[in-house]
Amino acid sequence: ALNEMNQVDAALADLNQALEMKPKDARTLERRGLSYYKQRNYEAALADYNQAVEQNPQSTLALSRRADALVALRRFEEARADLQQVLKLRPDDFAAEDRLRYVQGQLQRAAAPPPVAAVPTPPPAPTPVPPQPLLTRTNIFIALGGLLVLIIILAIIGKLMMTRRSD
């Protein structure tokens, strides 16, 4: 009950006392393993679950919880074996099936070759702009227009000078 109320330290004290009175009791070891698991002390939880499975190899609870501790320790091969054993004992355990799929996915990811890093492609080189030729139709018309304007200006200046000389 203390475990369920997340009073893990108090639960551990009671479970340790119970194990002093009745050492190697599989159910008490399972419960203490859960307390250690809740504290994220996965190695201690695993040790208790190992003893519980030794005492009762058919305990789907001990096998299932041991698989959880093994997953937390990233020991997926061992977790897979425990979950497969749970499913042999209880084929209708859908939670164990889900957890087994997760473990198998982790194993597949670990076995997959590492992704090949994409080689960064350099940015495309700017396309050089060919120089524009000077003798284009537009440039010729601009030059002729400028020459015409210059001739007109010179003609006006010449006329003005001639009229000033005659005055």
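Details of the structure are given in the entry above.
About the criteria used
Residues numbered from 1 in each chain as written. Predicted model: local features only at pLDDT ≥ 70, side-chain atom pairs only at ≥ 80, totals over all residues. Heavy atoms only, no water. Salt bridge = Lys/Arg side-chain N within 4 Å of Asp/Glu carboxyl O. Buried < 20%, exposed > 50% of the residue type's maximum accessible area, 1.4 Å probe, protein only. Helix = DSSP H or I, 4+ residues; strand = E, 2+ residues; numbered from the N terminus. Polar contact = N/O pair within 3.5 Å; in protein donor to acceptor, adjacent residues only side chain to side chain. Core = buried A, V, L, I, M, F, W, Y, C linked by side-chain atoms within 4.5 Å. Contact = heavy atoms within 4.5 Å. 1 Å grid on protein atoms, 1.4 Å probe; cavity = no way out; pocket = protein on both sides within 12 Å on 5 of 7 lines; lining within 4 Å. Points joined across faces, edges and corners; volume = space filled by probe spheres on them. Axes fitted to C-alpha atoms, helices over the stretch in contact; angles between N-to-C directions. Parallel < 35°, antiparallel > 145°, perpendicular 65-115°, else oblique. Left-handed = near helix turned anticlockwise from the far one by under 90°. Nonpolar A, V, L, I, M, F, W, Y, C, P; charged D, E, K, R; others polar.

Q: What is the right way to read the pattern of salt bridges from this model?
A: Side-chain pairs of opposite charge can arise whenever the charged atoms involved come near each other. All chains considered together, the criterion is met by eight salt bridges. A salt bridge links Arg75 to Glu78; the nearest nitrogen and oxygen atoms lie 2.8 Å apart. On the accessibility criterion, Arg75 (31% relative accessible area) is partly exposed. Here Arg101 ties to Asp98 by a salt bridge, and the two come within 2.4 Å at their closest N and O atoms. With a gap of three residues between them, Arg101 and Asp98 both fall in helix α6 (residues 94-111), about one helical turn apart.

Q: It is not clear to me how the environment of Arg101 should be interpreted in this structure. Could you clarify?
A: Sequence separation of Arg101 and Ala79 is 22 residues, and the distance between their C-alpha atoms is 11 Å. Polar side-chain contacts of Arg101 include one of 2.4 Å to the side chain of Asp98.

Q: Even after reading the chapter, I still don't get the nonpolar core, so can you show me in this structure?
A: Across soluble globular proteins, nonpolar side chains have a tendency to be buried as a group. Grouped together as the largest cluster of nonpolar side chains are 26 residues, with contacts concentrated most on Tyr36, Tyr49, Ala79, Leu83, Ala96 and Val103. Those residues in contact with Ala96 that sit more than four places away from it in its chain are Leu83, Val86 and Leu87.

Q: Help me understand the layout of surface pockets in this model?
A: The gaps left among the atoms become clear once a water-sized probe is rolled over them. Put simply, the largest pocket is a space of about 210 Å³. Taken together, 13 residues make up the lining of the largest pocket; nearest its centre are Ala1, Leu2, Asn3, Leu15 and Arg31. Every element with two or more residues in the lining of the largest pocket is listed here: α1 (8-21), α2 (26-38) and α4 (60-72). Per element, the largest residue contribution to the lining of the largest pocket is four residues, and it comes from α2.

Q: Quick question: what am I supposed to make of the packing of α1 against α2 here?
A: Axes are the key here: two packed helices are described by the angle between their axes and the distance separating the axes. Interaxial distance between α1 and α2 falls to 10 Å at its minimum, and their mutual angle equals 150 degrees. Overall, the two elements α1 and α2 adopt an arrangement that is roughly antiparallel. For the element pair α1 and α2, the recorded crossing hand is left-handed. Only Thr28, Leu29, Arg31, Arg32, Ser35, Tyr36 and Lys38 of α2 make contact with α1, whose side of the interface consists of Val8, Ala11, Leu12, Leu15, Asn16, Ala18 and Leu19. Of the residues assigned to the contact of α1 with α2, the class counts are eight nonpolar, three polar and three charged.

Q: Just checking my understanding: could you explain the side chain of Asp93 for this structure?
A: Take Asp93: it is sitting in the loop between α5 (76-89) and α6. At 3.3 Å, the side chain of Asp93 and the backbone nitrogen of Ala95 are in polar contact. Each residue touching Asp93, except ones within four places of it in the same chain, is listed here: Val86 and Leu87.

Q: What exactly am I supposed to notice about the side chain of Ser64 here?
A: Tracing the chain through its elements places Ser64 in helix α4. Beyond its immediate stretch of four places on either side in the chain, Ser64 contacts Val86 and Arg99.

Q: Which parts of the structure should I look at to understand the packing of α2 against α4?
A: In the contact formed by α2 and α4, the axes pass within 10 Å of each other and the chain directions differ by 25 degrees. Classified by the angle their axes make, α2 and α4 are roughly parallel. The two elements α2 and α4 meet at a crossing, and its hand is left-handed. Mapping the contact onto sequence places Glu30, Leu34 and Tyr37 in α2 and Leu61, Ala62, Arg65, Asp68, Ala69 and Ala72 in α4. Class assignment for the residues of the contact of α2 with α4 results in six nonpolar, no polar and three charged.

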